[in-house]
Protein chains: 2
Amino acid sequence: MDKKNSKPSLLISFGGNALNVSDPLHAYQKQEFEIARKSMSGVIDLLEREYCKIILTHGNGPQVGQIFLQQELTKHEFPRQITLDICVADSQGRIGYILQNVFDNICRQRGIDRKSFAVITQVVVDPDDPAFNRPTKPIGVYYSKDETNKLKNERGWEFIEDSERGYRRVVPSPVPLEVVEENIFHQILDEGFIGIGCGGGGIPVIKKVNGELVGIEAVIDKDRTSALLAHGLGIDQLVILTDIDGVYLSFKSSKPQLIKNISADQIKAYIHKGEFAEGSMKPKVEAAVEFIKRGGKKAIIANLNALVPAIAGKAGTHITA
Amino acid sequence: MDKKNSKPSLLISFGGNALNVSDPLHAYQKQEFEIARKSMSGVIDLLEREYCKIILTHGNGPQVGQIFLQQELTKHEFPRQITLDICVADSQGRIGYILQNVFDNICRQRGIDRKSFAVITQVVVDPDDPAFNRPTKPIGVYYSKDETNKLKNERGWEFIEDSERGYRRVVPSPVPLEVVEENIFHQILDEGFIGIGCGGGGIPVIKKVNGELVGIEAVIDKDRTSALLAHGLGIDQLVILTDIDGVYLSFKSSKPQLIKNISADQIKAYIHKGEFAEGSMKPKVEAAVEFIKRGGKKAIIANLNALVPAIAGKAGTHITA
């Protein structure tokens, strides 16, 4: 394939479902590899058609959830719990390995001369971000009221009452400001590798006055980080893959209506009207709008199983300037 | 600095002590970062003197030990235990983050324009390696005789009696054959990055007839993997850092004698005479010999705190052809 005649560059952001084992307690060993295989096959279908520069980003919900829970459950044996930035790093190693392994296996089997490459990614956030005063992202197990009081005192954790099942720890979800490894993604994209990174939105770090980067307890929205990286790399199209077919108006009504093509301004107006669910479709649409406002050519929100038709303009929601 | 007048390229292999918290139960949060800072400072002292192409590899004993133990301790909550290849991947993410963060922080503070880059590394082993019939590497907690019988039946694990403290699971330690990400290390070295990888000897995978790579339960010796990668990349010097000053003859006698300069053939003869401890100095010396036999210019075994004098020829054991 001719690298010079390359098609639009893409950043594809995979939701948690790209790797998710729906019933982790009864899943068998290695099942995550099989699920990843389905997700990566779609990307390779694209590469089979044309030479594309591609970056893949991914969530880490189920994996970081298990890692964090195992910390909590073994706190008597390991009183020094690892911090949340380290939990995210662990999950990036795990998912990076799985995706890199599966991607390259499929390429070898189909005779495609491309190789992927997982990047451990740190992302700078602002310690003065208002999110640090108002933690909103629930993680870990459910606690009783009594337990939360104890943990508030012992560790300074904050909690919300969640879905009538009890209380869960909440952590801040600050705005991503800078992808520390952006230059690395840039280099490997130039070399023709498929970069994999920004797992779970990136390892959150704050930048001290002397330039030092220090890990902090937070969880960054992966789609906002994806939009930031796509902009920084001059990527043409941001593709956000999820488990529904695109962005719907009146989603919870009896007649939900799929948006096929829309301008960033129009969809922004729908955000303000409260059309999209908090913590679900809203942050995806916001990330898409942000990418377009900063000069991106197109943002697509589509079903995980419809990557090729989405890129061809035949599926998903397409947002342009 | 002028990249063209670069000094010898180096692969520096850090022992577990480069990150090790001696008393993990009573260590405080983030202590690993402080210990890593000491280790990385030595590397940056070198870079301050001259432009070097450098790859860093590292052990993962304490980290993968904790990850593996947390699996075992939470087996009732998470019946689907992650396999050992995934444990290694988690530890590569964690240590990659710590080293990358600390290395870059020091460079920024000292005004050195270099950046490091952690690589999730898979390493191919042979499923017919005799090591799979004779597991020797102990991992995880101590078990009673009764528990080992149960786990032998349930999971097919093998055990050895260890240090009169009980029984421990043993896993195979096969010979590394190929660093899957070698080409990535090659590219990033060319770009001037400091590559960090092969954590814990690499994630062990076997290669199927169709070329597919599949993770397997084993632990690879990090120094053998380091020698393999150094050879593959055409690195000039392999530097193995540990917690003693070099290779000693009659190490356990009243008059241990530090070897300063020696040929690969001479030190190989000492291996055959049983001079070096199994699972400790012997595998390091073997890795050094292997590197020289395959064309490497020099292998150095030295103290973690003596990197700069070791490179200058003033410390450690220097092995040449």
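What you are looking at is a predicted structure, and each value in this text was computed from that prediction instead of being measured.

Asks: Go over the state of the cysteines with me, naming the residues and quoting the values.
Replies: Within the structure shown, the criterion is met by zero disulfides over all chains. Note on C87 of chain B: no disulfide assigned, nearest cysteine sulfur contributed by C87 of chain A at a separation of 15 Å. Between C198 of chain B, a free cysteine, and C87 of chain B, which holds the nearest cysteine sulfur, the sulfur-to-sulfur gap is 19 Å. Classification of C198 of chain B by relative accessible area gives buried; the value is 0%.

Asks: Describe the interface of chain B and chain A, naming the residues involved and giving the relevant values.
Replies: Contact with chain B, which involves 59 residues of that partner, is made by 59 residues of chain A. Of the roughly 5,300 Å² buried between chain B and chain A on both sides combined, carbon and sulfur atoms contribute 54%. Taken together, chain B and chain A are joined by four salt bridges. Close ionic contact of D90 of chain B with R94 of chain A constitutes a salt bridge, the shortest N to O distance being 2.6 Å. Breaking the side of chain B that touches chain A down by element, the ones donating at least two residues are helix 1 (31-49), helix 2 (61-73), helix 3 (84-110), strand 3 (116-118), helix 5 (182-190), strand 10 (203-207) and strand 11 (213-215) of chain B. Of the residues contributing to the side of chain B that touches chain A, the split by class is 27 nonpolar, 19 polar and 13 charged.

Asks: Could you give an account of the side chain of E212 of chain A, with specific residues and numbers?
Replies: Of note, E212 of chain A is situated in the loop between strand 10 (203-207) and strand 11 (213-215). Take E212 of chain A: its relative accessible area is 18%, and that puts it in the buried class. The contacts of E212 of chain A, once residues within four sequence positions are left out, are I206 and K207 of chain A together with R37, N105 and Q109 of chain B.

Asks: Lay out the pairing of strand 2 (residues 54-58) of chain A with the relevant residues and their values.
Replies: Residue and element names in this part refer to chain A. Within strand 2, five of the five residues are buried, which leaves the element mostly enclosed by the surrounding structure. The two faces of strand 2 match: I54, L56 and H58 on one face and I55 and T57 on the other face are all buried. In the sheet, strand 1 (residues 10-14) pairs with strand 2 via five bridges, with the strands oriented parallel. Of the residues in strand 2, the one forming a bridge with S13 is T57. Inspection of the sheet shows strand 2 paired to strand 9 (residues 194-197) by three bridges, in the parallel sense. By the bridge assignment, L56 is partnered in strand 9 with I196.

Asks: Explain the packing of aromatic side chains to me, and be specific about the residues and the numbers.
Replies: Inspection of every chain in the model, using the stated rule, returns eleven aromatic pairs over all chains. Their ring planes at 40 degrees and their centres at 5.9 Å tell us that F68 of chain A and W157 of chain A sit as a pair that is tilted. Of this pair, F68 of chain A sits in helix 2 (residues 61-73) while W157 of chain A sits in the loop between helix 4 (145-155) and strand 6 (158-161), and the two are 89 residues apart along the sequence. Exposure remark for F68 of chain A: the relative accessible area of 6% places this residue in the buried category. An aromatic cluster is present here, built from F117 and F193 of chain A together with F117 and F193 of chain B joined pairwise through their rings. The lysine or arginine in question, R169 of chain A, covers the ring of W157 of chain A, its NZ or CZ lying 4.1 Å from the ring centre.

Asks: Which residues make up the pattern of salt bridges, and what values go with them?
Replies: The tally for this structure, following the rule as stated, stands at 30 salt bridges over all chains. Two residues, R37 of chain B and E212 of chain A, come together in a salt bridge whose shortest N-O distance is 3.7 Å. Placement of R37 of chain B in helix 1 and of E212 of chain A in the loop between strand 10 and strand 11 is noted, with the two residues assigned to different chains. A single network of salt bridges, built from pairs that share partners, joins D45, E48 and R110 of chain A.

Asks: Can you break down the sheet that holds strand 5 (residues 137-143) of chain A residue by residue, with the values?
Replies: Residues and elements named next belong to chain A. An order of 5-7-6 is seen for the three strands of this open sheet, with the pairing classed as antiparallel. Edge positions in the sheet fall to strand 5 and strand 6, since each of these pairs with one other strand and no more. Here the strands of the sheet are splayed against their neighbours by 40 degrees on average, with no regard to which way each runs. The sheet contact formed by strand 6 and strand 7 (residues 167-171) spans four bridges and is antiparallel. When the sheet's bridge partners are listed, E161 is paired in strand 7 with Y167. Contacts from helix 2 reach strand 5 and strand 7 within the one sheet, and its direction differs from that of strand 5 by about 40 degrees.

Asks: Please set out unusual backbone geometry residue by residue, giving values where relevant.
Replies: For S250 of chain A, which is not glycine, the phi torsion reads 50 degrees and is therefore positive. A positive phi angle, near 55 degrees, is found at C198 of chain B, a position not held by glycine.

Asks: Go over the environment of V219 of chain A, please, and point to the residues and values.
Replies: Relative to the helices and strands, V219 of chain A resides in the loop between strand 11 and helix 6 (222-232). The spacing of V219 of chain A and D113 of chain A is 106 residues in sequence and 35 Å in space, taken between C-alpha atoms.

Asks: How would you summarise the sheet that holds strand 10 of chain B if you had to cite specific residues and measurements?
Replies: Sheet architecture is open: four strands sit in the order 8-4-10-11 (chain B), paired in mixed fashion. Strands at the two margins of the open sheet, each flanked by one partner only, are strand 8 (178-179) and strand 11 of chain B. Here strand 10 of chain B pairs with strand 11 of chain B via three bridges, running antiparallel. Note that in strand 11 of chain B the partner of V205 of chain B across the bridge is G215 of chain B. Across the sheet, helix 3 (residues 84-110) of chain A is in contact with strand 4 (122-125), strand 10 and strand 11 of chain B; its angle to strand 11 of chain B comes to roughly 155 degrees.

What counts and what doesn't
Residues numbered from 1 in each chain as written. Chains lettered and ligands numbered in written order. Predicted model: local features only at pLDDT ≥ 70, side-chain atom pairs only at ≥ 80, totals over all residues. Heavy atoms only, no water. Disulfide = S-S within 2.5 Å. Buried < 20%, exposed > 50% of the residue type's maximum accessible area, 1.4 Å probe, protein only. Contact = heavy atoms within 4.5 Å. Buried area = accessible area lost by both parts, 1.4 Å probe. Salt bridge = Lys/Arg side-chain N within 4 Å of Asp/Glu carboxyl O. Helix = DSSP H or I, 4+ residues; strand = E, 2+ residues; numbered from the N terminus. Nonpolar A, V, L, I, M, F, W, Y, C, P; charged D, E, K, R; others polar. Pairing = 2+ DSSP bridges. Phe/Tyr/Trp six-rings, centres within 6.5 Å; stacked < 30°, edge-to-face > 60°. Lys NZ or Arg CZ within 6 Å of the ring centre and 35° of its normal. Axes fitted to C-alpha atoms, helices over the stretch in contact; angles between N-to-C directions.

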